[in-house]
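Structure at a glance
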Amino acid sequence: MKFEDAQQNMNLAYFGGGTGVLVSGLVWCIAGFVALLHSNQSSMLTLFFGGMFITSFSHATFKSS
């Protein structure tokens, strides 16, 4: 398999990277709601721990084929 073919395969499998942006946006929205309901410190912890799982969650949830 050529390098260009492998890149094209990954691009199609992960929808061009859009899933990571979607999951990242969800983490930011959740952190915003936590800030409204609780405290700024809780919101920052939500961002910190949620940010650790952006890549793994987007790969596990949205990977096609």
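Residues numbered from 1 in each chain as written. Predicted model: local features only at pLDDT ≥ 70, side-chain atom pairs only at ≥ 80, totals over all residues. Heavy atoms only, no water.

**Concerning a nonpolar patch on the surface**
- Nonpolar side chains collect at one region of the surface, where L45, F48, F49, M52, F53 and F57 lie side by side and expose about 640 Å² of accessible area between them.
- In terms of residues, the nonpolar patch owes the most to one element, helix α3 (residues 40-52), which gives four residues.
- Structurally, the position occupied by F49 is in helix α3. (Patch = residues over 30% accessible without salt bridge, like charges linked within 9 Å, V, L, I, M, F, W, Y side chains within 5 Å. Areas by Shrake-Rupley, 256 points an atom, 1.4 Å probe, with all protein chains shown as cover. Salt bridge = Lys/Arg side-chain N within 4 Å of Asp/Glu carboxyl O. Helix = DSSP H or I, 4+ residues; strand = E, 2+ residues; numbered from the N terminus.)

**What to know about the packing of helix α2 (residues 18-37) against α3**
- One way to put it is that α2 packs onto α3 with a least axis distance of 8 Å and a crossing angle of 160°. Here α3 runs roughly antiparallel to α2, going by the angle between their axes. Helix-helix and strand crossings are classified by hand; for α2 and α3 the assignment is right-handed. Contacts between α2 and α3 pair V27, W28, I30, A31, V34 and A35 from the former with N40, S42, S43, T46, L47, G50 and G51 from the latter.
- Split into classes, the residues belonging to the contact of α2 with α3 amount to seven nonpolar, six polar and no charged. (Axes fitted to C-alpha atoms, helices over the stretch in contact; angles between N-to-C directions. Parallel < 35°, antiparallel > 145°, perpendicular 65-115°, else oblique. Left-handed = near helix turned anticlockwise from the far one by under 90°. Contact = heavy atoms within 4.5 Å. Nonpolar A, V, L, I, M, F, W, Y, C, P; charged D, E, K, R; others polar.)

**Some words on the environment of L47**
- By the element assignment, L47 lies in helix α3.
- When neighbours within four sequence positions are excluded, L47 is seen to be in contact with V27, W28 and A31.

**Some thoughts on α2**
- The end-to-end C-alpha distance of α2 is 29 Å, a good match for the 28 Å that 20 residues give at a rise of 1.5 Å each.
- Listing the buried residues of α2 in full gives T19, V23, V27, A31 and V34. All buried residues of α2 fall inside an arc of 115° around its axis, so they share one side. The outward face of α2, more than 90 degrees from its buried face, is lined by the exposed residues V21, W28, F33 and L36.
- Looking at the buried side of α2, the elements it contacts are α3 and α4 (54-62). (Expected span 1.5 Å × (residues − 1). Buried < 20%, exposed > 50% of the residue type's maximum accessible area, 1.4 Å probe, protein only. Arc of directions from axis to C-beta.)

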